[in-house]
Amino acid sequence: MLQKSIAVFGILLFLVSLYGCVSYRKRPTRLYQEVLSKNLSFDAGIVPGVPFKNGEWDTVMKGRVLWAVQLYNQGIIRNIIFSGGAVYSPYYEARIMGLYAQELGIPGSRIFYETKAEHSTENVFYSYQIARQQGFKSLALVTDPFQSSMMKGFTRRKFGTRIVHLPFMVDTVKKYNHLDPVIDPAPAYVQPFQSILEREGFLRRFRGTLGVFIPWEDRGRRARAL
């Protein structure tokens, strides 16, 4: 099963190279400039999780968190919903990202945590439910360019309220690459823990990625407006 997962990842990397890096630079810039030109802001930004392994964040998690912090500091997002359960390692991904964000200056009162999600589609769905509970009316998806592109159709079709995509701009995030806060991950630790690789086979994980197990609110498999 691990070999199949590696194969799928290889295909995804091939697709990235096929379409070229240019589109993953142009689209984030265009979306960001649209937000600036229209003076848009959002009640919250949804930040999907990334596994926390070897006691440190990887480049993808770092990029997502740094971008969320920048958008918050600019007033583009007023709150941050970090999403992600303990999927591949015994740490809630959402909690880990929140710890980093607080070290970077985000007030704890502006951070919300979603810890059920095990797939990117679930990250958005469960965060959307938190937004409803908190009375948020406008949302942005704050992630990396690749995941944003993969999620375009899902966010457009499945939610009654529009979710605006704000993927990070690679060159902009690089400017903050020197920031490397140290956290104590203990508050995010989960025990007992069993990796999703041990709990589920490849086919079920793949179906989860497609959102098959999301508890939609109606027969049309669509979440109502906020």
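Structure shown above.
Draft legend 1. Up close: the overall build of the chain. The number of helices and strands found in the chain is ten helices and five strands. Every one of the 226 residues in the chain was classed for burial, and the buried ones make up 49%. Put simply, 78% of the contacts in the chain that link residues at least 6 apart link residues at least 24 apart.

Draft legend 2. Up close: the layout of surface pockets. Here the second largest pocket defines a volume of roughly 320 Å³. Looking at the second largest pocket, it is lined by 15 residues, and the ones nearest its centre are L31, R162, I163, V164 and H165. Elements supplying a minimum of two residues to the lining of the second largest pocket: α2 (23-37), α7 (152-158) and β5 (163-165). With five residues, the top contributor of residues to the lining of the second largest pocket is α2. Per-class residue counts for the lining of the second largest pocket are six nonpolar, two polar and seven charged.

Draft legend 3. The arrangement of unusual backbone geometry in detail. The omega torsion of the bond from Q191 to P192 falls at 5 degrees, within 30 degrees of zero and hence cis. Residue placement: P192 occurs in the loop between α8 (170-174) and α9 (196-199). Phi at N54 is positive, roughly 60 degrees, even though this residue is not glycine. Along the polypeptide, N54 turns up in the loop between β1 (44-48) and α3 (59-73).

Draft legend 4. Inspection of the packing of α3 against helix α4 (residues 93-103) at higher detail. In contact at an axis separation of 10 Å, α3 and α4 are set at 50 degrees when each is read in the N-to-C sense. Judged by the angle between their axes, α3 and α4 are oblique. Handedness of the α3/α4 crossing: right-handed. On α4, the residues touching M61, V65 and V69 of α3 are I96, M97, Y100 and A101. Tallied by class, residues from the contact of α3 with α4 come to seven nonpolar, no polar and no charged.

Draft legend 5. Structural view of the pattern of salt bridges. Enumeration over the complete set of coordinates arrives at nine salt bridges. Between R78 and D43 there is a salt bridge, and its shortest N-O distance comes to 2.7 Å. Of this pair, R78 sits in the loop between α3 and β2 (80-83) while D43 sits in the loop between α2 and β1, placing them 35 residues apart in sequence. When its relative accessible area of 34% is taken as the criterion, R78 is described as partly exposed.

Draft legend 6. Broad picture of the nonpolar core. Ranked by size, the top nonpolar core spans 37 residues in total, and within it M61, V65, W67 and F82 carry the most contacts. Residue assignment for this core shows that the elements contributing at least two residues are α2, α3, β2 and α4. The leading source of residues in this core is α3, at eight residues. The residues contacting V65, other than those within four sequence positions of it, are W57, F82, M97, Y100, A101 and L104. Core analysis: the next-biggest nonpolar cluster, separate from the first, contains 22 residues, I81, I130, L141 and M151 among them.

Draft legend 7. Representation of the packing of aromatic side chains within the structure. Under the counting rule described, the total for this entry stands at twelve aromatic pairs. Arranged with centres 3.9 Å apart and planes meeting at 10 degrees, the rings of W57 and Y100 form a pair that is stacked. You can see W57 sitting in the loop between β1 and α3 and its partner Y100 sitting in helix α4, a full 43 residues away along the chain. Classification of Y100 as buried rests on a relative accessible area of 3%.

Draft legend 8. Spatial organisation of the side chain of E93. Tracing the sequence through the fold places E93 in helix α4. Despite its burial, E93 remains without a salt bridge, the nearest opposite charge being carried by R64 at 6.8 Å. Engagement of the side chain of E93 in a polar contact is seen with the backbone nitrogen of V50, the distance being 3.3 Å. In contact with E93, not counting residues within four places along its chain, are G49, V50, P51, G84, G85 and V87.

Draft legend 9. Region of interest: a nonpolar patch on the surface. A contiguous nonpolar surface patch, about 450 Å² in accessible area, is contributed by L203, F206, L210, V212 and F213. Within the secondary structure, F213 sits in the segment after α10 (202-209). We classify F213 as partly exposed; its relative accessible area is 30%.

About the criteria used
- Residues numbered from 1 in each chain as written.
- Predicted model: local features only at pLDDT ≥ 70, side-chain atom pairs only at ≥ 80, totals over all residues.
- Heavy atoms only, no water.
- Helix = DSSP H or I, 4+ residues; strand = E, 2+ residues; numbered from the N terminus.
- Buried < 20%, exposed > 50% of the residue type's maximum accessible area, 1.4 Å probe, protein only.
- Contact = heavy atoms within 4.5 Å.
- 1 Å grid on protein atoms, 1.4 Å probe; cavity = no way out; pocket = protein on both sides within 12 Å on 5 of 7 lines; lining within 4 Å.
- Points joined across faces, edges and corners; volume = space filled by probe spheres on them.
- Nonpolar A, V, L, I, M, F, W, Y, C, P; charged D, E, K, R; others polar.
- Axes fitted to C-alpha atoms, helices over the stretch in contact; angles between N-to-C directions.
- Parallel < 35°, antiparallel > 145°, perpendicular 65-115°, else oblique.
- Left-handed = near helix turned anticlockwise from the far one by under 90°.
- Salt bridge = Lys/Arg side-chain N within 4 Å of Asp/Glu carboxyl O.
- Core = buried A, V, L, I, M, F, W, Y, C linked by side-chain atoms within 4.5 Å.
- Phe/Tyr/Trp six-rings, centres within 6.5 Å; stacked < 30°, edge-to-face > 60°.
- Lys, Arg positive; Asp, Glu negative; His and termini not counted.
- Polar contact = N/O pair within 3.5 Å; in protein donor to acceptor, adjacent residues only side chain to side chain.
- Patch = residues over 30% accessible without salt bridge, like charges linked within 9 Å, V, L, I, M, F, W, Y side chains within 5 Å.
- Areas by Shrake-Rupley, 256 points an atom, 1.4 Å probe, with all protein chains shown as cover.

Don't take any of this as a statement about function, it's just geometry.
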